[in-house]
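Here is how the chains run, residue by residue.
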Number of protein chains: 2
Amino acid sequence: MAEINRQILLAARPQGKLELEHFRLAEAPTPRPGPGEILVRVRLISLDAANRAWMQGATYRSAVEAGQVMAGGGVAEVLESRAPGLAPGDLVFADVGWRDFAVLAADSVQKLPRIEPLSRLLSVFGIAGLTAYFGLLECGRPNPGETLVVSAAAGSVGSIVGQIGKIKGCRVVGVAGGAAKGALLVDELGFDAAVDYKAPDFRRALRAACPQGVDVYFDNVGGDVLETCLFAMNLGGRIACCGAVSQYDGAAPAHGPRGVPGLIVTKRLTLRGFVVTDFDDRREQALADLQAWVDEGRLKVREDIVDGLENTPAALIGLLAGDNVGKRMVRVS
Amino acid sequence: MAEINRQILLAARPQGKLELEHFRLAEAPTPRPGPGEILVRVRLISLDAANRAWMQGATYRSAVEAGQVMAGGGVAEVLESRAPGLAPGDLVFADVGWRDFAVLAADSVQKLPRIEPLSRLLSVFGIAGLTAYFGLLECGRPNPGETLVVSAAAGSVGSIVGQIGKIKGCRVVGVAGGAAKGALLVDELGFDAAVDYKAPDFRRALRAACPQGVDVYFDNVGGDVLETCLFAMNLGGRIACCGAVSQYDGAAPAHGPRGVPGLIVTKRLTLRGFVVTDFDDRREQALADLQAWVDEGRLKVREDIVDGLENTPAALIGLLAGDNVGKRMVRVS
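What you are looking at is a predicted structure, and each value in this text was computed from that prediction instead of being measured.

Trainee: Where do I start with the domain arrangement of chain A in this structure?
Mentor: How big an interface is tends to be stated in terms of the accessible area lost upon association of its parts. Residues and elements named next belong to chain A. Partitioning chain A into structural domains gives domain 1 (4-122 + 302-331) and domain 2 (127-277). Inter-centroid distance (C-alpha atoms) of domain 1 to domain 2 is 28 Å. With 21 residues of domain 1 at the interface, the matching set in domain 2 holds 17 residues. Those elements that provide at least two residues to the side of domain 1 that touches domain 2 are α1 (49-54) and β15 (327-331). At four residues, the largest contribution of residues to the side of domain 1 that touches domain 2 is made by α1. Considered class by class, the residues forming the side of domain 1 that touches domain 2 number eight nonpolar, eight polar and five charged.

What follows is the structure, encoded as structure tokens:
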């Protein structure tokens, strides 16, 4: 195959804010699969705040280094297979990287059902949906009548967390930046209230939106919003620690939130960190629940699809700035 | 009864470090019990780092205000009862306050068995022992072969936590100030290693003492030691949040430890705060276990008894400075 394989490299590890100059578009010949490998055409690249965290150092995966193809999960189609169990036309999820074509070890990919639109495999039936499902239900353990707060509430995970919270009978308050996102959460997704973390009266507004205090906080952002929620938590409250997007795009923060551990003790809080793959053994049940909720119209799917591999860097930079509503991804082919 | 009732008042709420001048000794007539009340003679007053936290504001109890008798748990003997179920000679545990005699609502006290020495009712068979037991086993959930780190390890709770950790098959590392405490932990109480948090190479020494990383951290202190342990935790580690003594004796800290929530997410940590009374329904089993371990010689009891009510302020100030080894209390009568 003589096709050109466009690929986006991390040109330099950012020290401060991520900029376009930290990326470089390069071209290479399309590689050939060896034994146990497959050649895939990338269809959709998932954009996630965690992409930025990978540039800071090892997290739950090794760091992405300067000069490497930028890492990223995505949906791809098998073109050629030298591995049993995978055939041309199959769809897989894998760390495909930001490129047109990739050769992948067959045992590093996950075979996917052919769902239309394909984008659902990255949103509600993909990592976003599963992260929301397991993080809320396993770490947050919400009870009917309790108050759930979720940050980055208009994002891929947050928008699903809040809706599952409603399905489970909670009062749901979303934290998001700006009035437009707030209106979306309340008017379209059925949240009980939304609070703008960029507004000067954020702390008071959050308290006002949670007159009974906060029982469950699903934290996607860390930093000041986490601190505010710590002070608003009720006795026995639970915090699902999913991410810290407020802290990825810049130098590592010099301090954590006030109230740790004092408030954890006196309020008997539980903070639990998780990564979606921790719950792989319960994927099937989760996907069945998510599918049923979507079919019943109780879970609305919001996606934000950017076209063109060359736009992936800008799409990630925008995501870190909170430009997206729902699951952001890039359509490559 | 015409006896004089000495009582120690909180003269002023401290802004910075607690000093003797924040207390005042006063005398009052001994009060008389009304219906449903008992008159008690205070025998032993428990000194706890939490006493200092109560001066900062509401915690799991209301704040102690200037002009009030200083609050404090203790063992007292009933002199006169106007309540069913309690008779002269009975021993009770209650928030007796720092004084010779107290009138208490009968439903605010806990009847105690008559154990000798009485001091055991405040150490291993009292709040210290129960706090260690429930915090470690319920929140820390140690498994055999895991590494347990406990801070304030020579203190009332920490000295018991570490010994229970050994009984449960853990490698146990104690964090305490100074070489003398370290030697006590290893030579007398059977800890595997001790690390001096006051030494300049504390962080490296902790790492060296935990070559397999830290699975369970029992946190009595918060602050820098908590931060150091967060960075040393293994995947899936558990932190039992018991107290934050490093932060009580001064202004409230401006920040929490670095790594919150980032390390909680990537390491899938669970932090759980607790107060011993959360587990009151399982007291009997805990006391039976503690009794058995003491009887078998597997759990050594260290107590630090100061004589005289008038010495209670100095005893608390010393405790906050880490002067004590084991459970500190004041013998009043």
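Continuing now.
Trainee: What is the right way to read the nonpolar core from this model?
Mentor: Inside soluble globular proteins, nonpolar side chains tend to come together where they are buried. If you look at the biggest cluster of nonpolar residues, it comprises 209 residues, and the most contacted ones within it are A:Val40 and B:Val40. Excluding anything up to four places from it in sequence, A:Val40 contacts A:Ala76, A:Glu77, A:Val78, A:Leu79, A:Val92, A:Val96, A:Phe101, A:Ala102 and A:Leu104.

Trainee: Looking at this model, I keep getting lost on the relation of the copies chain A and chain B. Mind explaining?
Mentor: Superposition of the two copies of the chain requires a rotation about an axis together with a shift along that axis. In screw terms, the move from chain A to chain B is a rotation of 180° and a rise of 0.0 Å along the axis, fitting with an RMSD of 0.0 Å. Put plainly, the chains are arranged around a two-fold axis. Closest approach to the rotation axis among the C-alpha atoms of chain A is made by A:Gly256, whose C-alpha sits 2.2 Å away. Comparing interface residues between copies, 100% of those in chain A also lie at the interface in chain B; the contact surface is shared.

Trainee: Looking at this structure, how should I read the pairing of strand β13 (residues 270-273) of chain B?
Mentor: In summary, the side chains of a regular strand alternate between the two faces of the sheet. Taking every second residue as pointing to the same face, both faces of β13(B) are buried, with B:Thr270 and B:Arg272 on one and B:Leu271 and B:Gly273 on the other. Relative to β13(B), strand β13 (residues 270-273) of chain A runs antiparallel, the two sharing three bridges. For A:Leu271, the partnering residue across the bridge sits in β13(B) and is B:Leu271. Note: strand β12 (residues 233-241) of chain B against β13(B), four bridges, orientation parallel. Considered in β13(B), the bridge of B:Arg238 is made with B:Thr270.

Trainee: What's the story with the interface of chain A and chain B in this structure? I'm lost.
Mentor: Contacts between the two partners involve 33 residues from chain A and, on the opposite side, 33 residues from chain B. Elements supplying a minimum of two residues to the side of chain A that touches chain B: α7 (262-266) and β13 of chain A. Classifying every residue of the side of chain A that touches chain B by side-chain character gives 16 nonpolar, eleven polar and six charged.

Trainee: Help me understand helix α8 (residues 283-295) of chain A in this model?
Mentor: Count 3.6 residues to each turn of an α-helix, and residues three or four apart come out pointing the same way. An ideal rise of 1.5 Å per residue puts 18 Å on 13 residues; α8(A) measures up with 18 Å between its terminal C-alpha atoms. Directly after α8(A), the chain includes A:Gly297, whose backbone phi takes a positive value near 75°.

About the cut-offs
- Residues numbered from 1 in each chain as written.
- Chains lettered and ligands numbered in written order.
- Predicted model: local features only at pLDDT ≥ 70, side-chain atom pairs only at ≥ 80, totals over all residues.
- Domains from an automatic or database assignment.
- Contact = placed C-beta atoms within 7 Å.
- Helix = DSSP H or I, 4+ residues; strand = E, 2+ residues; numbered from the N terminus.
- Nonpolar A, V, L, I, M, F, W, Y, C, P; charged D, E, K, R; others polar.
- Core = buried A, V, L, I, M, F, W, Y, C linked by C-beta atoms within 7 Å.
- Buried ≥ 20, exposed ≤ 12 C-beta atoms within 10 Å, placed from the backbone.
- Least-squares fit on C-alpha atoms with pLDDT ≥ 70 in both.
- Pairing = 2+ DSSP bridges.
- Expected span 1.5 Å × (residues − 1).

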